[in-house]
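# Reading the structure
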Amino acid sequence: MKVMVVGGGGREHAIVKSLKKNAGITELYCLPGNGGIAADAVCVPIGAKDTDGIVRFAVENGIDYAVVAPDDPLVLGTVDRLNAEGIPCFGPTAAAARIEGSKIFAKQLMKKYGIPTAEFRVFTDPGDALEYVATCPLPTVIKADGLALGKGVIIAKTRGEAETAVREMMISGRFGDSGRQILIEQCLTGPEVSVLAFTDGVTVCPMISSMDHKRAHDGNEGPNTGGMGTVAPNPYYTDSVADECMKTIFLPTVRAMAAEGCPFKGCLYFGLMLTTDGPKVIEYNCRFGDPETQVVLPLLENDLLTIMLAVTDGTLDANRPVFSDKHACCVIEASDGYPGKYASGFPVKSEPYPGTEIFYAGVKLTDSGELVTSGGRVLGITAVADSLAEAVKTAYAATGKTGFENAYYRKDIGAEALKAVR
Ligand code: AMP
Ligand code: GLY
């Protein structure tokens, strides 16, 4: 079977490494992949947003199955285009990907179907939004409607901050069209949990839960990033919370999407907050999380391709994922300065460290075959162990063996989770 994965970060590396365990895959491609993924799949320099290029490559090379991993190509309708050529895919259609591509679509869906989430108002006129933030309760949460690289959410503690956020999004066009319409939400509090779930549009199988660390610096300080590290499972996500989420959030969401005529097939990501009022949805993503995938897939015990094919053909109920009862911790090594400006081109040295795996993101191979840094988040080191404490200790021990000159990483990945289990 010829399989291609669209995307080129740490998440895609984790997907590629998991897929590779299936001996039925004769050719495995990654578009565009990166210099580290090149050790595990044939990387083809076609960008994830180059829909025409992706479709042409798939047709010309007789691809049997495609996994479309990042949000942009999903929202752009890459799955619809590949399906039209007769190529089955893992990932939602553009209509279903709106659950991430438009936060307003997602909020209206939750409201219509009674799925618990923060109270909200939608604004299309900056004057109305400014009038609202002049008197609304604080802190308040201001969100751009469309995709904004995880940066379209502002938690405003003061009226001044709220006003600035509204002006930047709606008047200055900081996020382009993504911010022309905005949401203003009630600010919720409580531990956050990420739950990725396989769904074939009817059956929903949550994967092991995880905890992301979105802020750049220790103690959850500094700017928001794509994610600086993860642990799985998330200790706040107890069995009773999981049951409640299945009843009030997961199944209702999958049924709502089907009822709206856009059944969701693929990986649906639930960003949850466990409030004193019960679990609520903070956001949906239409894809695997990054770096959640780097702790979730290493704990998957059965075959990823079999589950993905079952998602595509609607037989997930008979092909459910099974997870190990171990723990995983992923520490992201980023270029110093990320998510702001940073320098690139530093050689990456890496020595195998027992109990760990490396997932590459911002790296490339030079003409002489040397692996050098080329992005913000450069690599993730994932350790799997019998306890969370051991997984955290092992991942950090491995940072001494793998890195590059201007590497920056948080020193407290897993610290909050460890406090919660004690
Ligand atoms: P999002 O891009 O929607 O996941 O938002 C990014 C982060 O902002 C989330 O991980 C939360 O930490 C925070 N956030 C988003 N919405 C809310 C809310 N309604 N109340 C409190 N925090 C929020
Ligand atoms: N780690 C958060 C995300 O993938 O959106």
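An account of the accompanying structure is given in this report. (Residues numbered from 1 in each chain as written. Chains lettered and ligands numbered in written order. Predicted model: local features only at pLDDT ≥ 70, side-chain atom pairs only at ≥ 80, totals over all residues. Heavy atoms only, no water.)

### Structural notes on the overall build of the protein chain
Heads up, the rule is: Think of it this way: any DSSP run of H or I at least four residues long counts as a helix, any run of E at least two long counts as a strand, and we number them from the N terminus. Here the radius of gyration uses the C-alpha set of atoms, whereas the globule reference equals 2.2 Å times the residue count to the power 0.38. For every residue, the accessible area obtained with a 1.4 Å probe (protein chains only) is divided by the maximum for its type, and the residue is called buried under 20%, exposed over 50%, and partly exposed between those limits. In short, Shrake-Rupley with a 1.4 Å probe defines the accessible areas, and a residue's cover is counted only from the protein chains shown. Here Asp and Glu are counted as negative and Lys and Arg as positive; His is not counted, and neither are the chain ends. Charge positions are represented by NZ for Lys, CZ for Arg, CG for Asp and CD for Glu.
A tally of helices and strands in the protein chain yields 13 helices and 25 strands. On C-alpha atoms alone, the protein chain measures out to a radius of gyration of 21 Å, which is about the 22 Å that the 2.2 N^0.38 rule sets for 422 residues. For the protein chain, the spread of C-alpha atoms along the three principal axes comes to 60 × 45 × 45 Å. Buried positions account for 55% of the 422 residues belonging to the protein chain. Summed over all atoms, the accessible surface of the protein chain reaches about 17,100 Å², with 51% contributed by carbon and sulfur. Averaging the positions of the 40 positive and the 51 negative side-chain charges in the protein chain gives two centres separated by 3 Å.

### Observations concerning the packing of helix 6 (residues 103-113) against helix 9 (residues 239-259)
Basically, it comes down to this: Here, axes are lines fitted to C-alpha atoms. For helices the fit covers the stretch in contact, and angles between N-to-C directions go from 0 to 180 degrees. Angle categories: roughly parallel below 35 degrees, roughly antiparallel above 145, roughly perpendicular from 65 to 115, and oblique for all the rest. Between two residues, a contact is recorded if the distance between any of their heavy atoms is within 4.5 Å. Under the scheme applied here, ten amino acids are nonpolar (Ala, Val, Leu, Ile, Met, Phe, Trp, Tyr, Cys and Pro), four are charged (Asp, Glu, Lys and Arg), and all others, including Gly, are polar.
The interhelical angle for the contact between helix 6 and helix 9, taken along N-to-C directions, is 105 degrees, at an axis separation of 10 Å. Relative to helix 9, the element helix 6 is oriented roughly perpendicular. From helix 6, Phe 105, Leu 109 and Tyr 113 reach across to helix 9, where they touch Ala 256, Met 257 and Ala 259. Considered class by class, the residues forming the contact of helix 6 with helix 9 number six nonpolar, no polar and no charged.

### A short note on the sheet that holds strand 3 (residues 42-43)
Counted only if it meets this: In this scheme, strands are said to pair when DSSP sees at least two bridges between them.
If you trace the five strands from one edge of the open sheet to the other, you get 3-2-1-4-5, paired in parallel fashion. The sheet is open, and its two borders are formed by strand 3 and strand 5 (89-90), each paired with just one other strand. As paired elements, strand 2 (residues 27-32) and strand 3 share two bridges and run parallel to each other. Considered in strand 3, the bridge of Cys 30 is made with Cys 43. Packing of helix 2 (residues 51-60) onto the sheet brings it into contact with strand 1 (2-7) and strand 2, and relative to strand 1 it is tilted by some 170 degrees. Helix 11 (residues 304-313) contacts strand 4 (65-68) and strand 5 of the sheet and is inclined by roughly 90 degrees relative to strand 4.

### Overview of the site of ligand 2
Quick note on the threshold: A cutoff of 4 Å decides nearness: a residue is near a molecule or strand if any of its heavy atoms lies inside that distance of it. Nitrogen and oxygen atoms within 3.5 Å of one another constitute a polar contact, given that in protein one can donate a hydrogen and the other can accept it, and given that sequence-neighbouring residues count only through two side-chain atoms.
Asp 212, Gly 226, Tyr 269, Asn 285, Arg 287, Gly 289, Asp 290, Pro 291 and Glu 292 make up every residue found near ligand 2. Interatomic distance of 3.2 Å between a side-chain N/O atom of Asn 285 and an oxygen atom of ligand 2. Interatomic distance of 2.9 Å between a side-chain N/O atom of Arg 287 and an oxygen atom of ligand 2. Coverage of ligand 2 by the protein amounts to 90% of the 200 Å² it exposes when considered alone.

### What to know about the site of ligand 1
The environment of ligand 1 is made up of 15 residues, and the closest members are Glu 185, Gln 186, Leu 188, Glu 192 and Glu 283. Note that a nitrogen atom of ligand 1 is positioned 2.8 Å from one of the side-chain N or O atoms of Glu 185. When the free accessible area of ligand 1 is taken as 480 Å², the share hidden by the protein chains comes to 92%. Partitioned by chemical class, the residues of the shell around ligand 1 number eight nonpolar, one polar and six charged.

All we've got here are geometric facts, nothing functional implied.
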